[in-house]
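# Observations on the model geometry
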Amino acid sequence: FYMFARDLIHSIIPFVEDNYRAIPVRKHRAMAGLSMVGGITFRLAFGNLDTFATVGIFSTSAFRGKGGEISDLEGQVPGLFSNPKHFNEKLDVFYISNGEQDGSYKYTIKAVETLRSHGIKVDLQTFPGAHEWHVWRKALHDFAPRLFR
């Protein structure tokens, strides 16, 4: 995880911004992830809010903890609950989606409730279906217009 985060922020993003028509500022950068990469996105983007202004998480199991509980969100993102104002000020969009028949659905709902109860602003969208492409296409269709407004 840490090597990927370092490479993304210090090598890949600068390469893209140096070689393609991209606006090299945080406000114009988003990170989104699907399934397992949704958890990586959560930790990486929230740990680098000076790099990303928009975060999208699709059908992740990263919120699944042990014994039917959600995972330790504060442990994944230190300061998340102790300083929600910081995260809300930095994020233009924090979007989570999930299929209603997905095995991670109940954990996602609990995680969003917990985030909101600690003052974190999050957009949640759910769609009929499980861990499958037609859910993710709907989620991307819903998420994409929110980018870079």
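Refer to the preceding data block for the structure.
Below or above, wherever it landed, is the structure these notes cover. (Residues numbered from 1 in each chain as written. Predicted model: local features only at pLDDT ≥ 70, side-chain atom pairs only at ≥ 80, totals over all residues. Heavy atoms only, no water.)

### Section: the overall build of the chain
Across its full length, the chain carries six helices and four strands. Each helix (α) and strand (β) of the chain, taken in turn from the N terminus, gives the series α-β-α-β-α-α-β-α-β-α. Rg of the C-alpha trace for the chain: 15 Å, near the compact-globule value of 15 Å for 149 residues, within the 12% margin. When the backbone C-alpha atoms are referred to their principal axes, the chain occupies close to 45 × 35 × 30 Å. Here the chain holds 149 residues, and 43% of them are scored as buried. For the chain, restricting intrachain contacts to residue pairs at least 6 apart in sequence, the fraction spanning at least 24 positions comes to 68%. (Helix = DSSP H or I, 4+ residues; strand = E, 2+ residues; numbered from the N terminus. Rg over C-alpha atoms; globule rule 2.2 N^0.38 Å. Buried < 20%, exposed > 50% of the residue type's maximum accessible area, 1.4 Å probe, protein only. Contact = heavy atoms within 4.5 Å.)

### Some thoughts on the nonpolar core
Membership of the largest hydrophobic core comes to 28 residues, with the highest contact counts inside it found for Phe-42, Phe-46, Phe-63, Leu-73, Leu-80, Phe-94 and Ile-96. For Phe-63, the residues in contact, after removing those within four places along its chain, are Phe-42, Ile-57, Glu-69, Ile-70, Ser-71, Leu-73, Ile-96, Tyr-107, Thr-108 and Ala-111. In this structure, Phe-58, Tyr-95, Val-135 and Trp-136 belong to the second largest nonpolar core, which totals eight residues. (Core = buried A, V, L, I, M, F, W, Y, C linked by side-chain atoms within 4.5 Å.)

### Here we look at the pairing of strand E2 (residues 54-58)
Of all five residues in E2, five are buried; the element is thus mostly enclosed. What you see with E2 is no split at all: Thr-54, Gly-56 and Phe-58 on one side and Val-55 and Ile-57 on the other are buried throughout. The pairing of strand E1 (residues 30-34) with E2 spans five bridges and is classified as parallel. From the neighbouring strand, Ala-30 faces E2, where its bridge partner is Thr-54. (Pairing = 2+ DSSP bridges.)

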